[in-house]
Amino acid sequence: MKKYSSEPACSVDYAFRRIGGKYKGRILWYLHLRTIMRYGELRKTLYDITPKMLTQTLRELEDDGLVSRKVYHEVPPKVEYSLTEVGSELIPFISHLKDWGDKQVAKIKS
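K.L.:
Lay out the sheet that holds strand β2 (residues 67–72) with the relevant residues and their values.
P.N.:
Here we have 3 strands laid out as an open sheet, ordered β1-β3-β2, and antiparallel in their pairing. The two strands at the open ends of the sheet, each matched to only one other strand, are β1 (36–38) and β2. Going across the sheet, the axis of each strand differs from the next one's by a mean of 30°, ignoring polarity. Of the strand pairs in this sheet, β1 and strand β3 (residues 78–83) are connected by 3 bridges, and their pairing is antiparallel. Across the sheet, residue Ile36 finds its bridge partner in β3, namely Ser82.

Right, dumping it as structure tokens:
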């Protein structure tokens, strides 16, 4: 593994290293919903993320093979992000987490 200095303790650890954190799951979910998004669209959708953190998170997702980055050589520069096949495999699990989260939020509100 190139990204982490230590080996994952187990498969669950490996998975959460890839999708854990405040933004990764949300980015994957929004790319699933929209198919292709540009950096500015992601920035507007994830209103609580700094540009530095968005760039870093997108790079990590790309390094892990979950997100594809396509650069168009034009002025102004155009960059599009989409899910890879491996990233798309995570969507059913993120969907289950979303459903669970919806139920918990509904309980809190009631």
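K.L.:
So what's going on with the environment of Glu41? Which residues, and what values?
P.N.:
Checked against the element boundaries, Glu41 lands in helix α3 (residues 39–45). Overall, the relative accessible area of 29% leaves Glu41 in the partly exposed class. In this structure, the C-alpha to C-alpha distance between Glu41 and Glu80, residues 39 residues apart in sequence, is 9.7 Å.

K.L.:
Tell me about the packing of helix α2 (residues 24–34) against helix α6 (residues 91–109), and name the residues and values.
P.N.:
Running from amino to carboxyl end, α2 crosses α6 at an angle of 110°, the nearest separation of the two axes being 10 Å. Between α2 and α6, the interaxial angle falls into the category roughly perpendicular. Taking contact as the criterion, the partners of Gly25, Leu28, Trp29 and His32 in α2 are, on α6, Ile91, Ile94, Ser95 and Lys98. For the contact of α2 with α6, the class distribution of residues is 4 nonpolar, 3 polar and 1 charged.

K.L.:
How would you explain α2 if you had to name every residue and give the values?
P.N.:
Among the residues of α2, those classed as buried are Lys24, Ile27, Leu28, Trp29 and Leu31. Thr35 occupies a position one or two residues after α2 and carries a positive phi of about 70°.

K.L.:
Tell me what's going on with the side chain of Arg18, and back it up with residues and numbers.
P.N.:
As for its placement among the helices and strands, Arg18 is situated in helix α1 (residues 11–19). Arg18 gets classed as buried once you look at its relative accessible area, which sits at 8%. Only 3.3 Å separates the side chain of Arg18 from the side chain of Asp64, close enough to count as a polar contact.

K.L.:
Describe the packing of α2 against helix α4 (residues 51–63), and please don't skip the residues or the numbers.
P.N.:
As a packed pair, α2 and α4 sit with axes 10 Å apart at the nearest point and diverge in direction by 75°. Classified by the interaxial angle, the pair formed by α2 and α4 is roughly perpendicular. Mapping the contact onto sequence places Lys24, Ile27 and Leu28 in α2 and Leu54, Thr57, Leu58, Glu60 and Leu61 in α4. A class-by-class count of the residues in the contact of α2 with α4 yields 5 nonpolar, 1 polar and 2 charged.

K.L.:
Residue-level account of the nonpolar core, with values.
P.N.:
Generally speaking, a soluble globular protein has its nonpolar side chains buried in company with each other. Core analysis: the largest hydrophobic core is formed by 20 residues, its most contacted members being Ile27, Leu28, Leu31, Leu42, Leu54 and Tyr81. Of the residues forming this core, the biggest block, 4 residues, is contributed by α2. In this structure Leu31 touches Ile36, Met37, Leu42, Val67, Tyr81, Ser82 and Leu83, once residues within four positions along its chain are discounted.

Analysis parameters
Residues numbered from 1 in each chain as written. Predicted model: local features only at pLDDT ≥ 70, side-chain atom pairs only at ≥ 80, totals over all residues. Heavy atoms only, no water. Pairing = 2+ DSSP bridges. Helix = DSSP H or I, 4+ residues; strand = E, 2+ residues; numbered from the N terminus. Axes fitted to C-alpha atoms, helices over the stretch in contact; angles between N-to-C directions. Buried < 20%, exposed > 50% of the residue type's maximum accessible area, 1.4 Å probe, protein only. Parallel < 35°, antiparallel > 145°, perpendicular 65-115°, else oblique. Contact = heavy atoms within 4.5 Å. Nonpolar A, V, L, I, M, F, W, Y, C, P; charged D, E, K, R; others polar. Polar contact = N/O pair within 3.5 Å; in protein donor to acceptor, adjacent residues only side chain to side chain. Core = buried A, V, L, I, M, F, W, Y, C linked by side-chain atoms within 4.5 Å.

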